[in-house]
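Residue strings, one per chain:
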Amino acid sequence: GTAKSQGFFKYVHTLKKTVQENHYNYVLRMSQNSLSALDLTIAKNAGAKRVTFRSTNSHVYGGKSEHIIHCLFRPIANKIIDVKIAPSKEAAVFMFGKKNVRKDNVSILNNSLDLDVYRFRPEKRDCIRQELGVEEKLVIGHIGRFNKQKNHNFLIKIFKEILKKHKNSTLLLLGSGECEKEI
C-alpha cells in the first residue's frame with residue numbers, strides 16, 4: 001500500500017484500487033480520530049458494502065488542532081460507519097457520541113489478554129532480575145508510551161518518595177514516545 005505521507009491522492013487511489021480489485025465487502029478501520037473514517041468513505045465508494053470503525057482511545061493524542069478536527073469529522077464519520085466498536089464506554093462516547101452509546105449503536109469490545117503469558121514464574125523473575133542487575137532491589141516498573149497522558153513526571157515524583165524509605169530501589173520505565181528524551 002501507499003502511505004498517506006507519500007501523497008494523499010496516491011493513497012486514495014491505492015486504497016480504492018485495493019478494495020475494488022480484491023472485492024472487499026467489509027472493511028475495518030481502527031483509529032483514535034474520526035478523521036480516519038475518511039478511509040471508510042473511500043472504501044464504500046470503491047464498493048465495500050459495510051464498513052466498521054473501532055475506536056482505540058477515549059481522547060486524541062496531539063494538540064488542540066487534532067481535537068478540533070476530530071470534533072468536526074465525528075458527525076460525518078457516524079453517518080458513514082455501519083458498525084461501531086469501542087474498547088470502553090468512554091472511548092465509545094468520545095468517538096461516536098453519547099447519543100449513539102445511549103441508543104446501543106456501539107458495541108463495547110474490551111481489550112483482551114492471554115493471562116497465562118503474564119503468570120508469575122519464579123525462575124523467569126530471577127533470570128530477568130540478574131540480567132538487569134537488580135537481584136536484591138525493590139523494583140518499581142511502568143510499561144507504557146512516553147507521552148503526556150501517561151504522566152511519567154508524577155510517577156518519578158512518587159518514586160523519589162519511595163527512595164527515601166527504600167534506598168535500595170530502582171525504577172524501570174519501558175516504552176517509547178515523544179516525551180522519552182525529556183523523561
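Rules of the game
Residues numbered from 1 in each chain as written. Predicted model: local features only at pLDDT ≥ 70, side-chain atom pairs only at ≥ 80, totals over all residues. Heavy atoms only, no water. Patch = residues over 30% accessible without salt bridge, like charges linked within 9 Å, V, L, I, M, F, W, Y side chains within 5 Å. Areas by Shrake-Rupley, 256 points an atom, 1.4 Å probe, with all protein chains shown as cover. Salt bridge = Lys/Arg side-chain N within 4 Å of Asp/Glu carboxyl O. Helix = DSSP H or I, 4+ residues; strand = E, 2+ residues; numbered from the N terminus. Buried < 20%, exposed > 50% of the residue type's maximum accessible area, 1.4 Å probe, protein only. Pairing = 2+ DSSP bridges. Axes fitted to C-alpha atoms, helices over the stretch in contact; angles between N-to-C directions. Contact = heavy atoms within 4.5 Å. Core = buried A, V, L, I, M, F, W, Y, C linked by side-chain atoms within 4.5 Å. 1 Å grid on protein atoms, 1.4 Å probe; cavity = no way out; pocket = protein on both sides within 12 Å on 5 of 7 lines; lining within 4 Å. Points joined across faces, edges and corners; volume = space filled by probe spheres on them.

1. Quick notes on a nonpolar patch on the surface
So, step 1. Together, Phe8, Phe9, Leu35, Leu38, Ile68, Ile69, Leu72, Phe73 and Ile76 line one region of the surface with nonpolar side chains, adding up to about 820 Å² of accessible area.
So, step 2. Among the elements of the structure, α1 (8–21) and α3 (64–80) are those that each provide at least two residues to the nonpolar patch.
So, step 3. What makes Phe9 exposed here is its relative accessible area of 71%.

2. Topic: the sheet that holds strand β2 (residues 50–55)
So, step 1. Spatial strand order, β1-β2-β3-β4: four strands in an open sheet with parallel pairing. If you trace the sheet from one side to the other, it starts and ends with β1 (26–31) and β4 (106–108), each paired once. Pairwise comparison of adjacent strand axes, ignoring direction, gives a mean angle of 25° for this sheet.
So, step 2. The pairing of strand β3 (residues 83–86) with β4 spans three bridges and is parallel. The residue bridging Lys84 from the neighbouring strand is Val106, located in β4.
So, step 3. Sheet strands touched by helix α2 (residues 37–45): β1 and β2. Its angle to β2, the strand with the most contacts, is close to 170°.

3. Comments concerning the nonpolar core
Soluble globular proteins tend to pack their nonpolar side chains together in the buried interior.
So, step 1. Counting residues in hydrophobic clusters, the biggest one holds 23 residues, and the most contacted among them are Val19, Val27, Leu40, Val51, Phe53, Ile81 and Phe96.
So, step 2. When residues of this core are traced back to their parent elements, those giving at least two are α1, α2, β2, α3 and α4 (89–96).
So, step 3. Apart from the residues within four sequence positions on either side, Phe96 is in contact with Phe53, Ser55, Arg74, Asn78, Ile81, Lys84, Ile85, Ala86 and Val106.

4. Brief notes about the layout of surface pockets
So, step 1. Of the voids in this model, the largest pocket is the one considered here, and its volume is about 610 Å³.
So, step 2. Contributing to the lining of the largest pocket are 18 residues, with Lys124, Arg125, Ile128, Ile143 and Leu174 lying nearest its centre.
So, step 3. Elements that contribute at least two residues to the lining of the largest pocket include exactly α6 (122–132), β5 (138–143) and β6 (169–174).

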